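Structure assessment
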Amino acid sequence: MPGPGRAGRRGGGARRPKWFARGGRGATRTQVGIIGAGPAGLTLALLLQRHGIDAVVLESRSRQEIETTLRAGVLEQATVDLMGELGVAERMMRQAQFHGGIEIRFGGRGHRIDFVRLTGGRRIALYAQHEVIKDFVAALLERGGRIEFSVSGVALRDLDGAHPRLSYRAEGGAREIDCDFIAGCDGFHGPSRAAIPEPARTEHGQVLPFSWLGILAQAPLSSPELCYTHSDRGFALLSTRSPEIQRMYIQVDPDDDVAAWPDARIWEELRARTAVGDGGWRLIEGPVVQKGIVDMRAFVCDPMRYGPLFLLGDAAHIVPPTGAKGLNLAVADAQTLAAGLAAHYGSGGDGLLGRYSEICLRRAWRAVRFSMFMTRLLHRDPAHGPMERRVQLAELDYLTSSEAAMASLAENYVGLPLQW
Ligand code: RFL
Ligand code: PHB
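Just so we're clear, the structure is a prediction, and the values are computed from it rather than from any experiment.

About the thresholds
Residues numbered from 1 in each chain as written. Chains lettered and ligands numbered in written order. Predicted model: local features only at pLDDT ≥ 70, side-chain atom pairs only at ≥ 80, totals over all residues. Heavy atoms only, no water. Helix = DSSP H or I, 4+ residues; strand = E, 2+ residues; numbered from the N terminus. Contact = heavy atoms within 4.5 Å. Areas by Shrake-Rupley, 256 points an atom, 1.4 Å probe, with all protein chains shown as cover. Lys, Arg positive; Asp, Glu negative; His and termini not counted. Charge placed at Lys NZ, Arg CZ, Asp CG, Glu CD. Buried < 20%, exposed > 50% of the residue type's maximum accessible area, 1.4 Å probe, protein only. Near = heavy atom within 4 Å. Polar contact = N/O pair within 3.5 Å; in protein donor to acceptor, adjacent residues only side chain to side chain. Nonpolar A, V, L, I, M, F, W, Y, C, P; charged D, E, K, R; others polar. Salt bridge = Lys/Arg side-chain N within 4 Å of Asp/Glu carboxyl O. Pairing = 2+ DSSP bridges. Disulfide = S-S within 2.5 Å. Axes fitted to C-alpha atoms, helices over the stretch in contact; angles between N-to-C directions. Domains from an automatic or database assignment. Buried area = accessible area lost by both parts, 1.4 Å probe.

Glancing now at the overall build of the protein. Within the protein one finds 12 helices and 19 strands. A separation of at least 24 residues holds for 73% of the contacts in the protein among residues at least 6 apart in sequence. Put simply, the protein shows about 17,500 Å² of open surface, and 51% of that area lies on carbon and sulfur atoms. Looking at charge distribution, the protein has the averaged site of its 50 positive side-chain charges lying 4 Å from that of its 47 negative ones.

Between Asp 302 and the following residue, Pro 303, the backbone shows a cis peptide bond with an omega angle of 5°. At Ser 150, a residue that is not glycine, the phi angle is positive and equals roughly 55°. Along the polypeptide, Ser 150 turns up in the loop between strand 8 (146-148) and strand 9 (152-157). On the accessibility criterion, Ser 150 (45% relative accessible area) is partly exposed. Positive phi, close to 55°, is recorded for Asp 158, a residue that is not glycine. Within the secondary structure layout, Asp 158 lies in the loop between strand 9 and strand 10 (165-170).

Of all residues adjacent to ligand 2, which total 14 residues, the nearest are Tyr 228, Ser 239, Arg 241, Tyr 249 and Pro 321. Contact between ligand 2 and Arg 241: an oxygen atom at 2.7 Å from a side-chain N or O atom of the residue. The contact in question runs from an oxygen atom of ligand 2 to an N or O atom on the backbone of Thr 322, over 3.4 Å. A total of 280 Å² of accessible area belongs to ligand 2 in isolation, and the protein chains cover 96% of it. Of all the elements in the fold, those that place two or more residues in the shell around ligand 2 are strand 14 (236-240) and strand 15 (245-252). Among the residues making up the shell around ligand 2, the classes are represented as 8 nonpolar, 3 polar and 3 charged.

Two side chains with opposite charge may pair up if their charged atoms get near one another. In this structure the tally under the stated criterion is 25 salt bridges. One salt bridge in this structure joins Glu 59 and Arg 61, with 3.8 Å as the shortest N-O distance. Judged by its relative accessible area of 6%, Glu 59 falls in the buried class. Overall, the relative accessible area of 30% leaves Arg 61 in the partly exposed class. The partner of Glu 403 in a salt bridge is Arg 117, with the nearest N and O atoms 3.1 Å apart. Here Arg 117 lies in helix 5 (residues 115-118) and Glu 403 lies in helix 12 (residues 403-414), a separation of 286 residues in the sequence. With relative accessibility at 42%, the residue Glu 403 sits in the partly exposed group. Judged by relative accessible area, Arg 117 falls into the partly exposed class, the value being 48%. Three or more residues are tied together by salt bridges with common partners; here these are Arg 91, Glu 131, Lys 134 and Asp 135.

The next thing to look at is the sheet that holds strand 4 (residues 97-99). The sheet built from 3 strands is open, its strands ordered 3-7-4 with antiparallel pairing. On the outer flanks of this sheet lie strand 3 (74-75) and strand 4, each paired with one strand and no other. Note that strand 3 and strand 7 (residues 124-126) share 2 bridges and pair antiparallel. By the bridge assignment for strand 7, Val 74 is matched with Leu 126.

Before going further, it helps to examine the site of ligand 1. For ligand 1, the set of nearby residues contains 33 residues, the closest of which are Glu 59, Arg 61, Gln 129, Asp 314 and Leu 327. Contact between ligand 1 and Arg 61: an oxygen atom at 2.8 Å from a side-chain N or O atom of the residue. The contact in question runs from an oxygen atom of ligand 1 to an N or O atom on the side chain of Asp 314, over 2.8 Å. Across the complex, the protein chains shield 87% of the 1,000 Å² of accessible surface that ligand 1 would expose by itself. Of all elements in the fold, only helix 1 (39-50) and helix 8 (326-345) reach the threshold of two or more residues within the shell around ligand 1. Taken together, the residues that form the shell around ligand 1 break down as 17 nonpolar, 10 polar and 6 charged.

Okay, the state of the cysteines next. Tallying each qualifying case throughout the model produces 0 disulfides. Here Cys 179 is not disulfide-linked; the sulfur of Cys 185 is the nearest cysteine sulfur, at 12 Å.

The subject of this paragraph is the sheet that holds strand 12 (residues 202-218). Pairing is mixed in the open sheet, where 8 strands are placed in the order 6-5-13-14-15-12-16-19. A strand with exactly one partner marks an edge of an open sheet, and here the two such strands are strand 6 (109-114) and strand 19 (317-318). Pairing geometry for strand 5 (residues 101-106) and strand 6, over 6 bridges, is antiparallel. Bridging across to strand 6, Ile 104 finds its partner in His 111. On top of the sheet, helix 12 reaches strand 5, strand 6 and strand 13 (227-229); it is set at about 65° to strand 6, its chief contact.

As assigned here, the protein comprises domain 1 (19-73 + 129-201 + 303-370) and domain 2 (99-124 + 207-297 + 382-414). Inter-centroid distance (C-alpha atoms) of domain 1 to domain 2 is 32 Å. Counting from both sides, the interface comprises 15 residues of domain 1 and, opposite them, 14 residues of domain 2. Here domain 1 meets domain 2 over a buried area of about 1,200 Å², counting both sides, of which 64% is carbon and sulfur. Ranking the residues of domain 1 by area buried against domain 2 places Leu 70, Thr 322 and Phe 370 at the top, with a combined share of 41%. Our count for the domain 1 to domain 2 interface comes out at 0 salt bridges. Where domain 1 packs against domain 2, one counts 4 residue pairs in polar contact (both at pLDDT 80 or more).

Laid out in structure tokens, this is it:
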């Protein structure tokens, strides 16, 4: 199995980049046109660069914007390992916090799930997504990769014909790039998915009946590891960005407005939801430096390929953040596509590219399953009555007392192996 460790051995970037070459009709040409400089697009670009495959990344936002937008925090062990292989892990290894487990708290008591023991030594890293983006952008540009920031009007042309290409506007002018392949890494709202004709795709989706209010607070750590809390008042999560900056979330209503949540109300709710029965633990508070509300949904587009177009990451699938899987899934898609493209341009044939959608969908559905499981386990569902809530508590009790159940959670949380 060509796992993540083997990615990039062939090629080694020896071939000259050809993105400057002129294509037909006066357009620029590249082998792979990548839409979006998020985790999916940048991972793919870095991997292709190592294989000596030309790529151009088109990004609608500015570099400064993508490097400051707050999102994920949890990196699976395999994502950390890949960053090492790509030579972009130096800052992460210095600044990330590595956790060997998480705490599940309910009924006023905490229960540790020991990842290291249950998974043969695997851990997770806490390192902000925008820091990953900074590291990836810097490395790609330093190595001669090409990213065009602040482009607009990106459109996918001639996916059914002989000349697939991307048209867009940059610095006031209209541009076109001829591509062998197009990688749609443009997130949930980008144009790539919609470029697949409706009859050729099936979309599965569900918006969940709660949202997350997330804050960044200047405060020391309250808990040495991530703490996922179930309470009668709803879900709460204590996460971290550094020993001085904490990331915390509380479940709120989908129609809630951030203006209805002054800092004092957030702290009161966090204190109440995370309280421990014996009073031997205290939430450490501090100035709130950022807050926002995100909705929660599950979504999968099937297939993830249409002719020369491949969808990656959030463009193809969204998972509720309770399982901390979205960024890691995006990275796994990029690894699969990069290996398929390396085989295509090398002597490996098109077998892997042909199975791209099947391979990535299998992983995505497993991530949906796990993320929905974590979400249902920990949130207060407004449609539930006392019976469902007791079943939820029984589920939590089982999960935190059965070795088999804890091992299942642990292996999913640290990340299932990449298989193709
Ligand atoms: P992204 O990150 O959305 O990047 C897409 C990029 O495409 C650009 N774009 C366009 N560019 C050109 N032309 C257009 N027309 C374009 N339209 C869009 C965008 O500007 C953007 O730069 O997608 P990608 O690369 O697939 O990455 C997905 C991840 O960002 C996402 O799944 C994670 O953030 C999810 N997630 C988490 N994932 C984890 O693995 N671990 C976590 O701990 C975790 N926590 C989270 C999360 C998501 C959250 N929110 C915001 C829902 C916590 C939260 C609160
Ligand atoms: C985060 O730190 O942002 C985070 C951690 C765990 C999750 C989701 C988000 O499940």
